[in-house]
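Descriptive analysis of the structure
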Amino acid sequence: MSDNTTTAGEKRPPVILCIGMAGSGKTTFMQRLNAHLHTKKQPPYILNLDPAVAALPFSANIDIRDTVNYKEVMKQYNLGPNGGILTALNLFTTKFDQVLGFIDKRAPSLDYILVDTPGQIEIFTWSASGSIITDTLAATYPTMIAYIIDTPRTAAPATFMSNMLYACSILYKTKVPFILVFNKTDVKPHDFAVEWMTDFESFQEALQKDKTYMSSLMNSMSLVLDEFYSHLKVVGVSAVTGAGMDDFLKAVDEAVVEYNQEYKPELERVLEERRKKKEADKEEQMARLMKDMAMEEKGKEVKFGASKGKTPLRGNVDEDEEEDEDDDDDDDYGEFERRPRYRREVDSDEEGDLEAYKADMEERRARSEEESLKRFISGQRLE
Ligand SMILES: Nc1nc2c(ncn2[C@@H]2O[C@H](COP(=O)(O)OP(=O)(O)OP(=O)(O)O)[C@@H](O)[C@H]2O)c(=O)[nH]1
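The structure reproduced in this document is the subject of the present report. On a predicted model such as this, the values are computed, not experimentally measured, just so you know.

Some details on the site of the ligand
Inspection of the region around the ligand gives 16 residues, with Lys26, Thr27, Thr28, Asp186 and Ala239 positioned closest. Ser24 is positioned such that a nitrogen or oxygen atom in its backbone is 3.3 Å from an oxygen atom of the ligand. Between the ligand and the protein, one listed contact pairs an oxygen atom with a side-chain N or O atom of Thr28 at 2.5 Å. Relative to its unbound accessible area of 650 Å², the ligand is 66% covered by the protein chains. Of the residues that constitute the shell around the ligand, the class distribution is five nonpolar, eight polar and three charged.

Structural data, given as structure tokens:
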């Protein structure tokens, strides 16, 4: 058994997301795995995310079809089958926090959580809801992708390459541990695939036999895939006979270790970075707010005099400062536009208004609490 408990002793069963091209045997594989785990007395918790599946050969604990009627969605939104499946998945994703709540409650008694995805692979792998579901699960549970491949149909180098490129794109998009499951090995063993993935030259040889214009393109792409193969776990299974199921569970254990050693620390680093950025943003906003408030206070003060029909004077200028004003105009005011107006009006014998204003200010000062007074003064005093 894998180490799937946290340091706090909470059990975190692995989540296996089954993904595969239509007809690769995804549903049959899920059925087989479910039966296999039942015989091992480790019944899995199953989520079905395919709203269009007519009948499931196993019972799902949470079924998207119980929440969203995909045919109704098609009718209501005037959509085709793919649009209907995508919209149904989107609607379901809006409730995924509740789904997670159910899983969290059951998690301590579980060993595995299996997720079946829509047959139209791109609806899950390239949709926002697919990413949200994967990321949400991976934030809490050791989550991995089991990419089901139809082995007999992948025996040609060109289809093999296409399938690998697709798998590669999913791996780099989700970043969770990845298990390549070569299914239908009862029809064709997957040894050729393992050889192509481990021995670059043997794949080159196979490519030589392909005389189409694609072969040179594939030649160069196979070089790129070399690095990708090193991140994969590969197993061969037969969903029909049950062969290879224990190998698959071993790969799951390895994927849990990989999740804990690579994905989780990276996730924590990203979360920490986000938290720090949020904090910095908050501080910046606060600083801006304080600055704006100080400006507002200045503005209010001008209105204060004006609203009483008085000279729109700048605030608590004490006498010493007033005396200084003639000497260093620019230093005191900088670009403060109200300054010339004040000077002009004081110069035009409005000392009466000034006296009234000062008395008013004294009254205000007396009413204010010490703290707000300090803020007021520091906001208004001329440096
Ligand atoms: N010989 C053999 N046939 C298999 C195996 N797994 C699945 N099949 C057959 O492959 C066909 C497709 O299997 P499904 O499980 O429906 O495939 P799927 O990927 O779920 O298909 P969608 O529902 O279209 O996504 C069925 O006829 C299965 O019986 C296997 O291991 N060996």
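From this point, things continue past the structure.
Things to note about the pattern of salt bridges
Taken as a whole and judged by the stated rule, the model has 13 salt bridges. Two residues, Arg288 and Glu284, come together in a salt bridge whose shortest N-O distance is 2.9 Å. Here Arg288 and its partner Glu284 are both found in helix 12 (residues 245-307), four residues apart, which amounts to about one turn of the helix. With a relative accessible area of 46%, Arg288 lands in the partly exposed category. One salt-bridge network, in which partners are shared between bridges, spans Glu266, Arg269 and Glu273.

Describing unusual backbone geometry
Positive phi, close to 60°, is recorded for Lys41, a residue that is not glycine. Tracing the sequence through the fold places Lys41 in the loop between helix 1 (26-39) and strand 2 (45-48). A relative accessible area of 71% means that Lys41 is categorised as exposed. Of note, the phi angle at Asn78 is positive, near 55°, even though the residue is not glycine. Structurally, Asn78 is set in the loop between helix 3 (70-77) and helix 4 (81-93).

Considerations on the packing of helix 5 (residues 96-106) against helix 7 (residues 128-140)
The N-to-C vectors of helix 5 and helix 7 enclose an angle of 35°; their axes lie 11 Å apart at closest approach. Judged by the sense of rotation from one axis to the other, the crossing of helix 5 with helix 7 is right-handed. Where helix 5 abuts helix 7, its residues Phe96, Leu100 and Ile103 lie against Ile133, Thr136 and Leu137. Split by residue class, the contact of helix 5 with helix 7 holds five nonpolar, one polar and no charged.

Calculation criteria
Residues numbered from 1 in each chain as written. Predicted model: local features only at pLDDT ≥ 70, side-chain atom pairs only at ≥ 80, totals over all residues. Heavy atoms only, no water. Near = heavy atom within 4 Å. Polar contact = N/O pair within 3.5 Å; in protein donor to acceptor, adjacent residues only side chain to side chain. Areas by Shrake-Rupley, 256 points an atom, 1.4 Å probe, with all protein chains shown as cover. Nonpolar A, V, L, I, M, F, W, Y, C, P; charged D, E, K, R; others polar. Salt bridge = Lys/Arg side-chain N within 4 Å of Asp/Glu carboxyl O. Helix = DSSP H or I, 4+ residues; strand = E, 2+ residues; numbered from the N terminus. Buried < 20%, exposed > 50% of the residue type's maximum accessible area, 1.4 Å probe, protein only. Axes fitted to C-alpha atoms, helices over the stretch in contact; angles between N-to-C directions. Left-handed = near helix turned anticlockwise from the far one by under 90°. Contact = heavy atoms within 4.5 Å.

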